Amino acid sequence: MQERKVDSGSDRLIQSRNEALESHGSPIRPLGKLWGMDVFAWLRPESGSLINTIGSFPFKVIWIGGIEELNTALEEDATVLGNLEALVVYDSNVFQLNSLWIGALNTVVGTSDLPDALCFVEQLKSNKRMLLFTASGENALSSLREFEAFVELKRNE
């Protein structure tokens, strides 16, 4: 007898949501507080919206992102640097950023993977700061999930 796989409505909904996230991105999502900071995650943000959002935050921002999205946003509007406390690049060294941007900030970190970047972020924690994680590119969804797991783990320590 051949076993038939039952596909529930909720399974289809989850699959559909994941496919949409893979191709289009998502709105910014608040993840609550961590170390006294408000934490947000954003999958495949459009650079104009990203710049406006960073500019609207009430506190300085520690931004964890990929090199391409950082470069794209900062090339579009470098004045956003005034709203940043730190840049943490998780997929490249910092030398792929404009040296003027690096010089405008006290803290700029570049690593080759997300776990290393998150170790640095823990050293940057501070009250009255915003922690923003953005992910784009082919590994965006897995990076987002890894960041969410990190936040949950640290929140429960």
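Everything quoted here is computed from the prediction, not taken from an experiment.

(A) Representation of the layout of surface pockets within the structure. Of the pockets and cavities examined, the largest pocket occupies roughly 250 Å³. If you trace the largest pocket, you find 14 residues lining it, with G66, Y90, D91, S136 and G137 closest to the centre. Where the lining of the largest pocket is concerned, the elements lending two or more residues are α3 (67-76) and α6 (140-155). Along the lines of polarity and charge, the residues of the lining of the largest pocket split into four nonpolar, five polar and five charged.

(B) Representation of unusual backbone geometry in the model. Unlike most non-glycine residues, W35 shows phi in positive territory, near 55 degrees. Within the secondary structure, W35 is located in the loop between β1 (29-34) and β2 (37-43). You can call W35 partly exposed: its relative accessible area is 21%. You will see that K128, though not glycine, has its phi angle at about 55 degrees, which is positive. Here K128 shows up in the loop between α5 (114-124) and β6 (129-135).

(C) Structural context of the packing of helix α2 (residues 47-56) against α3. Between α2 and α3, the least distance of the axes is 9 Å, while the angle of their chain directions is 75 degrees. In terms of axis orientation, α2 runs roughly perpendicular to α3. Together, S47, G48, L50 and I51 of α2 and T72, A73 and E76 of α3 make up the contact between the two elements. The residue makeup of the contact of α2 with α3, split by class, is three nonpolar, three polar and one charged.

(D) Expanded view of the environment of R145. Counting through the fold element by element, R145 comes out in helix α6. Classification of R145 by relative accessible area gives partly exposed; the value is 41%. Taking C-alpha positions, R145 is 9.8 Å from A41, a pair spaced 104 residues apart along the chain.

Conventions and cut-offs
Residues numbered from 1 in each chain as written. Predicted model: local features only at pLDDT ≥ 70, side-chain atom pairs only at ≥ 80, totals over all residues. Heavy atoms only, no water. 1 Å grid on protein atoms, 1.4 Å probe; cavity = no way out; pocket = protein on both sides within 12 Å on 5 of 7 lines; lining within 4 Å. Points joined across faces, edges and corners; volume = space filled by probe spheres on them. Helix = DSSP H or I, 4+ residues; strand = E, 2+ residues; numbered from the N terminus. Nonpolar A, V, L, I, M, F, W, Y, C, P; charged D, E, K, R; others polar. Buried < 20%, exposed > 50% of the residue type's maximum accessible area, 1.4 Å probe, protein only. Axes fitted to C-alpha atoms, helices over the stretch in contact; angles between N-to-C directions. Parallel < 35°, antiparallel > 145°, perpendicular 65-115°, else oblique. Contact = heavy atoms within 4.5 Å.

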